[in-house]
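# Topology and contacts: notes
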Amino acid sequence: MTTRTSSVPVVLVDGSSYLYRAFHALPPLTTSTGQPTGAIHGVLNMLQRLRKDYQPTHMAVVFDAKGKTFRDDLYKEYKANRPPMPDDLRLQIEPLHQTIKAMGFPLIQIPGVEADDVIGTLAQDAAKAGRSCLISTGDKDLAQLVTDDITLINTMNNQVFDIEGVQNKFGVMPGQIIDYLGLVGDTSDNIPGVPKVGPKTASKWLNEYGTVDSLIEHQNDIKGKVGESLRDNIESLLLSKKLATIVCDLSLELDLEDLRTQGADGQALQILFSQLELTQLAKQFSSDIPTSSKPDTPADYQTIFSEKELETWVDKISKSDYMAFDTETTSLNYMEAEIVGVSFAVEENSAAYVPFAHDYPGAPDQIDRDSGLALLKPLLENPEIKKVGHHLKYDAHVLANHDIQLNGVAFDSMLESYILNSTACRHDMDSAAKLYLDVETKRFEDVAGKGVKQLTFNEVPIESASPYAAEDADVTLQLHNAIWKRLSNQPKLKKLYQDIEQPLVEVLFSMEHYGVLVDTDMLAKQSKEINIQLIELEKQAHEFAGGPFNLGSPKQLQEILFERLEIPVLRKTPKGQPSTAEDVLQELAEDYDLPRVILEHRSLSKLKSTYTDKLPEQVNPKTKRIHTSYHQAVAATGRLSSSDPNLQNIPIRTSEGRRIRQAFVAPPDHKILACDYSQIELRIMAHLSEDPGLLSAFSAGADIHRATASEVFGVELDQVSGEQRRSAKAINFGLIYGMSAFGLGKQLGISRTSAQEYVDLYFARYPGVQEYMNRTREEAREQGFVETVFGRRLYLPEIKSRNYQRRQYAERSAINAPMQGTAADIIKLAMLRVFDWLQDKDIRLIMQVHDELVFEVPTGIADETATEVSALMADAAELRVPLKVDAGVGENWDEAH
């Protein structure tokens, strides 16, 4: 079965903002019958651009609902100056909504609140779920939502606002935008603000005093007429701040899954585009309207119901150089999946599907699965017959469940697509086919349906299943033929594919299928202990509250915090109630015990539900182990990622988080061995920059952060303080990730000027680093991409963007990607070397996490294995500085790490 995966931001579109802006910015287009369409045209173009640029799997277009909101109750004059909606605009709303829905985008309108509040709540929900979020808007008010995880984009002018972008635009940080808007006001919304206070004055005051509350405390320090205006309008200022505050804790009957984009309703789109006479848009959105998926040559797809027919195909395949192959199964969980049928192809536009286990009422007789697989097993296990697939690792797992070892894995079109251009598409078969073949493939939802009524493949009628499955094999073969031609013309990329990515499939398969042993009793014990802590925290909360209450009840918490304890109300909900959202509690926790305890209770509760309770549920009942999935074609830089569970994100910063790693244990008479590259990206920086100072420090085995501190601060090595080393460490890693002086200053708690002085000193001591950065930016601009030491490419389409923020992001990526990508290449080469060495040994490679490899080793040879593996990893690549590997042995992962 061809799997579909994605790693993209949640996209939230401020539909109301774009509707008005498109209406006023574009010509007044109309149909032949007089129906206005200008705003529709503008909004749909922006949506199409977002989809093309980000290919979101989760997206929502949010509009204001009809009627008043809670802000009208706060201030009767709110938005009173706005003229009535023009008739020509009103007539476009309903057909626009219909078209957005037909395109498969979730459309949201919530009565009583504004679109901004819905967007704020959904953005926070996405961030809490570990997803980045992109908000498409032209509304400056939404700048208050920007964090490391939440970014704004104005699709009308392609301006992107991250934290630094907001600071550059408004002169204040995102966390100060509410205060900024309270001071400046907003004429479009009739928010009064403070008369005589403009953007420059507001940003000046906030940079000096930090917050409006602090400004009010020092109001008498402000001289002149503007000071008088401030003092005369304190009440107006506080009201304006309330009106400008976006509510981020709405009780929405929605979660992230409700934002999943759906396939387009082609028939509805055709009707709407025809009615609205949007000929150009119909062409532009043609990819959303299902069309014939066949190329010019008609496809010959066959369904095989008899062993005799199958034997004919087996003979045909045996005489071919290679075969494209795909499985259709009962599940995407590779350890549980059973084969429903198989498809194969040896030439383009010709393929066959063999159904084995379709079991719906009235299903025709099919070849017995065991008999059919027995006929195919010699082909599948024959290493001389080359196999082509799309995500063949999954198929290898499924075949292993049926006692078939897939050999001869030669080409994987998913990995070929990824190596050719990691950022061009999502590399699932449908996306790759559209990009490289200009073919619209049948999708799983087309044959199995959607949502709760979606069928498993064994329930899909064979007449629908067969063309879908055969097409998978056919298109996979076509993809390989098309992409391999392009890879073959680029020797570095071809070598990267052949020497690293394709051989790595066998290593990852072995790790996944073997799994990781987890002590479920230990996790259960930790869950119980966390539960005791939660009870104790609840008891403390009751004591601070002056009586028992339900910690999970916002209503009771509101009453206790703001009525019984008379704690100041920082923000209100849309219904006018005091907010108990997490960011509000964090602010209150600095001064009050009860909010602090509530937050600690919430944090532990999440740890329990996400890890200590969840991990035991992921243990396979047959193997008694956890089986993660490693993904090669997700991270643009070449790094591996994992899911179900995500081993890369197991927390280690807190004691309770580290205890989770203690539950990853060795079996009896074995130890856990963890081998981790030390400061590998800094070493790669030294290699790439060839800076004499860095090369010398690493070659001498010096503490690089202490050495940097000595250089930057001009002190002897033995005189470097802990604070100086911490600052040097922040500089070392900050420069790798393109951190600005502004970001460095924030991290170190110093001024931007002081941080810039540190950066200038660093470059003065290590001039090769600055030369490398300048050279890399220039090469990226000339080529449009950067390369790792091993030739992996990261394309940077925004490197010449006229938009400053986008161009800067591309430049930061240009500097960082060669280091991250080279580190990814090195750990993969190490995995290949180590896996080859392990073949005749009772040692298992069980995990790869960032720059670390984890093993199960017999106790008696643990120490010598650590020495040998460390040497193999250190010799995986030859750089201008030595690679250092730290190794540890223990009863569990935490003890070994």
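You'll find the structure just up there.
Remember, it's a predicted structure, so these values are computed and weren't measured experimentally.

## Thoughts on the overall build of the chain
Per the secondary structure count, the chain includes 37 helices and 22 strands. Scaling as 2.2 N^0.38, a compact globule of 897 residues should have a C-alpha radius of gyration of about 29 Å, and the chain matches this with 30 Å. In terms of overall dimensions, the chain has a C-alpha envelope of 95 × 85 × 65 Å along the principal axes. Within the span of the chain, comprising 897 residues, buried residues form 54% of the whole.

## Quick word on helix α8 (residues 199-209)
For an α-helix the count is 3.6 residues per turn, leaving residues at separations of three or four pointing the same way. Taken together, the buried positions of α8 are occupied by A202, S203, W205, L206 and Y209. Across the axial projection of α8, the buried residues extend over an arc of 160°, all falling on one side. What points out from α8, more than 90 degrees from its buried face, is the exposed set K200, K204, N207 and E208. Elements in contact with the buried residues of α8: α6 (163-170), α7 (177-184), α9 (212-217) and α10 (224-232).

## Thoughts on the sheet that holds strand β22 (residues 885-890)
Across the sheet, four strands lie side by side as β20-β21-β17-β22; this open sheet has antiparallel pairing. The open sheet is flanked by β20 (844-849) and β22, the only strands paired with a single partner. The mean angle between the axes of side-by-side strands here comes to 20°, regardless of whether they run parallel or antiparallel. Where strand β17 (residues 670-677) lies against strand β21 (residues 852-858), seven bridges are found, and the strand directions are antiparallel. Each bridged residue has a counterpart across the sheet, and for K671 the counterpart in β21 is V857. Strands β20 and β21 of the sheet are contacted by helix α21 (residues 491-514), whose axis makes an angle of about 100° with β20.

## Quick notes on the side chain of T151
For T151, the position within the fold is in strand β5 (residues 150-154). Beyond its immediate stretch of four places on either side in the chain, T151 contacts C133, L134, I135, V160, F161 and D162.

## A short note on the pattern of salt bridges
For the structure shown, the criterion picks out 38 salt bridges. Two residues, K377 and D403, come together in a salt bridge whose shortest N-O distance is 3.9 Å. Here K377, found in helix α15 (residues 369-381), pairs with D403, found in the loop between α16 (392-401) and β12 (409-412); they are 26 residues apart in sequence, far enough to count as distant. One salt-bridge network, in which partners are shared between bridges, spans E501, R792, D825 and K828.

## Digging into a negative patch on the surface
On the surface, D213, E217, E587, E590 and D591 cluster together into a negatively charged patch. Relative to the elements of secondary structure, D213 occurs in helix α9. Relative accessible area serves as the criterion here: at 44%, D213 is assigned to the partly exposed category.

## Structural notes on empty space enclosed by the protein
Counted under the stated rule, the structure contains eight cavities of 30 Å³ or more. If you add up the space inside the second largest cavity, you get close to 70 Å³. Taken together, R71, Y78, E114, D116, D141, D189, I191, L243, A244, T245 and I246 make up the full set of residues lining the second largest cavity. Among the residues forming the lining of the second largest cavity, the class breakdown is five nonpolar, one polar and five charged.

## What to know about the pairing of strand β10 (residues 350-355)
The element β10 is largely enclosed, with a buried count of six among its six residues. The alternating pattern of β10 places S350, A352 and V354 on one face and A351, Y353 and P355 on the opposite face, and all of these are buried. When strand β7 (residues 300-303) meets β10, the two strands line up parallel, connected through four bridges. Opposite Q302, over in β10, you have A352 as the bridge partner. The pairing of strand β9 (residues 339-347) with β10 spans five bridges and is antiparallel. When the bridges of β10 are listed, V342 appears paired with V354. Connecting β9 to the next strand, β10, in antiparallel fashion are two residues, including N349 with a positive phi near 65°.

Conventions we followed
- Residues numbered from 1 in each chain as written.
- Predicted model: local features only at pLDDT ≥ 70, side-chain atom pairs only at ≥ 80, totals over all residues.
- Heavy atoms only, no water.
- Helix = DSSP H or I, 4+ residues; strand = E, 2+ residues; numbered from the N terminus.
- Rg over C-alpha atoms; globule rule 2.2 N^0.38 Å.
- Buried < 20%, exposed > 50% of the residue type's maximum accessible area, 1.4 Å probe, protein only.
- Arc of directions from axis to C-beta.
- Contact = heavy atoms within 4.5 Å.
- Pairing = 2+ DSSP bridges.
- Axes fitted to C-alpha atoms, helices over the stretch in contact; angles between N-to-C directions.
- Salt bridge = Lys/Arg side-chain N within 4 Å of Asp/Glu carboxyl O.
- Patch = residues over 30% accessible without salt bridge, like charges linked within 9 Å, V, L, I, M, F, W, Y side chains within 5 Å.
- Areas by Shrake-Rupley, 256 points an atom, 1.4 Å probe, with all protein chains shown as cover.
- Lys, Arg positive; Asp, Glu negative; His and termini not counted.
- Charge placed at Lys NZ, Arg CZ, Asp CG, Glu CD.
- 1 Å grid on protein atoms, 1.4 Å probe; cavity = no way out; pocket = protein on both sides within 12 Å on 5 of 7 lines; lining within 4 Å.
- Points joined across faces, edges and corners; volume = space filled by probe spheres on them.
- Nonpolar A, V, L, I, M, F, W, Y, C, P; charged D, E, K, R; others polar.

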